[in-house]
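Close look at the chain arrangement
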Amino acid sequence: LELEPRQLQHFFHDCWPCGLEILQATIKEVKVRIPWSQIMTQSILVIMQDVEVRAVVHCEDEVDWQTVVAHMQRSYLRNQHDRVEHAPFSTLTSGPTAAFEQLRQRLVDGLQVQVNRAELVLESRHARHIPSHSLSSAVPEGGAGSPTREVLRVCGCDIIMSPADANRAPCLKLKGMARFCPEDHVLQLNKFIKCREFRVSPGAGGGAAGCGGAAECAYAASEFMEGPAVLSCHITQRYASDG
């Protein structure tokens, strides 16, 4: 499955670094399991196999890319304004539209995602992004038409993003992720992200044989990770609520 890079860039504009342009994104396999009979109380499960994203690094002195980012920011602000107008508790809307938006938000908040392997390959046209031990080789230097060179690979295996209960453990029940704070009139939604094998390594253009591969240069290994690490992240979203 090959995704449209520009649409993906717009969709993740609020969380994807604006200096990275997505060139290609592929997923080998996607499975979606929807609990139709309990869709309001249980999570939708999305299982993905072999996610690969290739992106190029842009710098602040690239005027053409600044124009593209400015356009995406304006589009993002318009979309956010539309979402506020059509939010479930907005005074500007009611009836079926509000009910649909409330259902959509509930499904998104309760989504559980499992990925067996995800890899981000970063490329650059600038020599300043190439590791110093690789500068003896021919390197690109600036310009929109210049060739790119792979400089970095970020690889993660056995990744899960899930709603979490009060003990910060993954759960499939949407009720378990919610906690209401009456004194602050705030509804808290807990989420959990874990990657059991995270690695950053020099790209093929920087002297490595791929994700976790052995580097050709004797100095490359010491500049990066000696072995994979385990990453965990707990997320709390807060919404104004009367319970």
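Attention in this report is confined to the structure presented alongside it. It should be emphasised that the depicted structure is a prediction, and the values quoted were computed from it without experimental measurement.

**Points about the overall build of the protein**
In terms of regular secondary structure, the protein is built from 5 helices and 8 strands. Each helix and strand of the protein, placed in order from N terminus to C terminus, yields the pattern β-α-β-β-α-α-β-β-α-β-β-α-β. Across the 243 residues in the protein, those meeting the buried criterion constitute 36%. Taking as baseline every contact in the protein between residues at least 6 positions apart, the subset at least 24 positions apart corresponds to 70%. Carbon and sulfur atoms provide 56% of the accessible area of the protein, an area that totals close to 14500 Å².

**Considerations on the nonpolar core**
Core analysis: the largest hydrophobic core is formed by 17 residues, its most contacted members being Met48, Val51, Val53 and Leu122. Tallying contributions element by element places strand S3 (residues 45-57) first for this core, with 6 residues. Aside from chain neighbours lying at most four places away, what touches Val51 is Thr26, Ile27, Val115, Arg117, Ala118 and Glu119.

**Section: unusual backbone geometry**
Leaving glycine aside, a negative phi is the common case for residues, and trans is the common case for peptide bonds. In this structure, Asp50 is a non-glycine residue whose phi angle is positive, near 55°. With respect to the helices and strands, the residue Asp50 is situated in strand S3. Even without a glycine there, the phi angle at Arg168 is positive, about 65°. Here Arg168 is to be found in the loop between strand S5 (149-163) and helix H4 (174-177). Accessibility expressed as a relative area gives 53% for Arg168, which makes it exposed.

Each value, and the rule that gives it
- Residues numbered from 1 in each chain as written.
- Predicted model: local features only at pLDDT ≥ 70, side-chain atom pairs only at ≥ 80, totals over all residues.
- Heavy atoms only, no water.
- Helix = DSSP H or I, 4+ residues; strand = E, 2+ residues; numbered from the N terminus.
- Buried < 20%, exposed > 50% of the residue type's maximum accessible area, 1.4 Å probe, protein only.
- Contact = heavy atoms within 4.5 Å.
- Areas by Shrake-Rupley, 256 points an atom, 1.4 Å probe, with all protein chains shown as cover.
- Core = buried A, V, L, I, M, F, W, Y, C linked by side-chain atoms within 4.5 Å.

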